[in-house]
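Inside the fold
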Amino acid sequence: MLLSHTRWKIRDFLTGVTSGLEGGMPVESGSSAAARQAKQKRKSHSLSIRRTNSTEQERSGLQRDMLDGQDSKLPLSLRSNLLDLFSQIEREFENLYIENLELRREIETLNDRLAAEGQTFEGADLAKGALKTKASHSTSQLSQKLKTTYKASTSKIVSSFKATTSRAVCQLVKEYVGHRDGIWDLSVTRTQPMVLGTASADHSAMLWSIETGKCLLKYMGHQGSVNSIKFHPTEQMALTASGDQTAHIWRYMVQLPTPQPVADISQTPCEDDVDFSDKDEADVEVDGPNDCPSVRVATTTLRSHQGVVIAADWLVGGKQVVTASWDRAANLYDVETSELVHSLTGHDQELTHCCTHPTQRLVVTSSRDTTFRLWDFRDPSIHSVNVFQGHTDTVTSAVFTVGDNVVSGSDDRTVKVWDLKNMRSPIATIRTDSAVNRISVSVNQKIIALPHDNRQVRLFDMSGVRLARLPRSNRQGHRRMVCCSAWCEDNTSCNLFTCGFDRQAIGWNINIPALLQEK
């Protein structure tokens, strides 16, 4: 009914517009009268697929009737183009409607078949009671899964008409393009000059000018995918972790280019851009920066892991670093001597991330075993560990806030906020519709940026209230899963950065006062 109503509403609207331009009331043509009669008939009878799948000849005939039956000042070619556009919209809705009808039939058929199987189990011997219970459970699970699939497909139509209210202004400022494969991680330097660093599966890490988007330096010392990048708190040194089972520390020297005048980009309210296509765009081959200087030799190479090094970070002070690996261990190294200080074991499966506290000697490690662990090195004689259990799938990242909180994200589509003084249960839980990757929390306002597998980036506060969704459409935003987010509140042009497997990083300007105005 939604589809048919939309079709006739579009045609009536077009008829009213063409007549209204002449200053008169819309004149009821023969096709309009037939349309109203058909609409009356559909109220008492279900819409058939045969009617929905009207042929192109019928559409073109209807267009000719409308063009001939209306006297308009609009050029004939313009009116024809308008009708063609509305016809394309109509065809898209027709396809969705047919798909929904087919899903309904599949659900009904499977439900009938499952119900019949359930009757067979009920008539079986009492000794098979356990089998009956298991079959009933499987039946209900499959039925629920089918209903969820159907609901997800129909939500595409509903979301096209759903009105949303923007509570913030989120503006895409700069795109950083040059990697030849997906970007896993990104970070911003803590010292001047302020630059953006990206770590990519193309075996390289790049440093970028935030204002101009130009590549300033390319590190090519790894033999595998570069999985993370972090900068020294006080010196021009970078720490990268790689699939070649090593972590590298390397020095950089960059000179910022002269800033170019920033183009006037109209502000885009969050959530107002509707993406009418879920299809991924074709991969675009991007030529790497030819004039970008490169570094190929590390100052320090950290070896001792027996698997992929998935992440690394500097401890407060910058004299030690911690690495996380797929060998289920995290290692603590001395930067000056490159010696292994501690091996942090205890996780049952591969590690996915590690993070250090900005002001204290605390480390948190995440793992595929659905837990994350807090390691305390504040007392040199005692190295305590606390285990946080609250997720049901891989914990993709866990990060510290400036205070006494840890925020964890997971493939179970939830984000949880924890108090370090009470680790039994989270103080807030954020439930989303897609797996969450490497999250970031702003220092001043404690806004959580959630990068998702479904190409979206959402912003929440620490209490779990959703603040905004960054605009994404076929014209802007990420075209593949978003792997990481990083705040940089000290930068005036871009205060949030995201990267993904579409080979690009994006700099955003988030109007934080507007974001928190209606909180």
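Residues numbered from 1 in each chain as written. Predicted model: local features only at pLDDT ≥ 70, side-chain atom pairs only at ≥ 80, totals over all residues. Heavy atoms only, no water.

For the protein, the name recorded in an unreviewed UniProt entry is WD repeat-containing protein 37, with Perca fluviatilis as its organism.

Side note on the packing of aromatic side chains
Rules: For Phe, Tyr and Trp, rings pair up if their centres lie within 6.5 Å, where Trp contributes its six-membered ring, and each pair is then called stacked (planes under 30 degrees apart), edge-to-face (over 60) or tilted (otherwise). Secondary structure elements are defined from DSSP: runs of H or I of at least 4 residues count as helices, runs of E of at least 2 residues count as strands, and each element is numbered from the N terminus. Classification of residues uses two cut-offs on accessible area relative to the type maximum, computed with a 1.4 Å probe and protein chains only: under 20% is buried, over 50% is exposed, and between them is partly exposed.
One pass over the structure, following the stated rule, counts 9 aromatic pairs. Between tyrosine 176 and phenylalanine 497 the ring centres are 6.2 Å apart and the planes differ by 50 degrees, which places this aromatic pair in the tilted class. Of the two residues, tyrosine 176 sits in strand S1 (residues 170–177) while phenylalanine 497 sits in strand S28 (residues 496–500), which places them 321 residues apart along the sequence. The exposure classification of tyrosine 176 matches that of phenylalanine 497, with both residues buried. By way of ring pairs, the aromatic residues Tyr219, Phe231, Trp250 and Tyr252 are connected into one cluster.

With respect to the layout of surface pockets
Short version of the rule: Two kinds of site are reported from a 1 Å grid over the protein atoms alone, namely cavities, where a 1.4 Å probe fits but cannot get out, and pockets, open sets with protein on both sides within 12 Å along at least five of seven lines, and residues are called lining when an atom falls within 4 Å of a point. Grid points are joined across faces, edges and corners, and a volume is the space filled by probe spheres set on the points. Residues are grouped as follows: Ala, Val, Leu, Ile, Met, Phe, Trp, Tyr, Cys and Pro are nonpolar; Asp, Glu, Lys and Arg are charged; all remaining types, including Gly, are polar.
Here the second largest pocket is characterised by a volume of approximately 1000 Å³. Surrounding the second largest pocket, 39 residues form its lining, Arg190, Ser440, Val441, Val443 and Trp487 being those nearest its centre. Of all elements in the fold, only strand S2 (183–188), strand S6 (226–231), strand S11 (309–314), strand S15 (351–356), strand S19 (395–400), strand S23 (440–441) and strand S27 (482–487) reach the threshold of two or more residues within the lining of the second largest pocket. Tallied by class, the residues present in the lining of the second largest pocket amount to 20 nonpolar, 11 polar and 8 charged.

Thoughts on the sheet that holds S11
To keep it simple, the criterion reads: Whether two strands pair comes down to DSSP finding at least two bridges between them. Axis lines are fitted through C-alpha atoms, for helices just across the contact stretch, and the angle between N-to-C directions can take any value from 0 to 180 degrees.
The strand order across the open sheet formed by 4 strands is S11-S12-S13-S14, and the pairing between neighbours is antiparallel. Because the sheet does not close on itself, it has two edges, and the strands there are S11 and strand S14 (340–344). Within the sheet, the average angular offset between the axes of one strand and its neighbour, ignoring direction, is 20 degrees. Of the pairings in the sheet, the one linking strand S12 (residues 320–325) to strand S13 (residues 330–334) comprises 5 bridges and is antiparallel in character. Residue pairing for S13: valine 321 is matched across the bridge by tyrosine 333.

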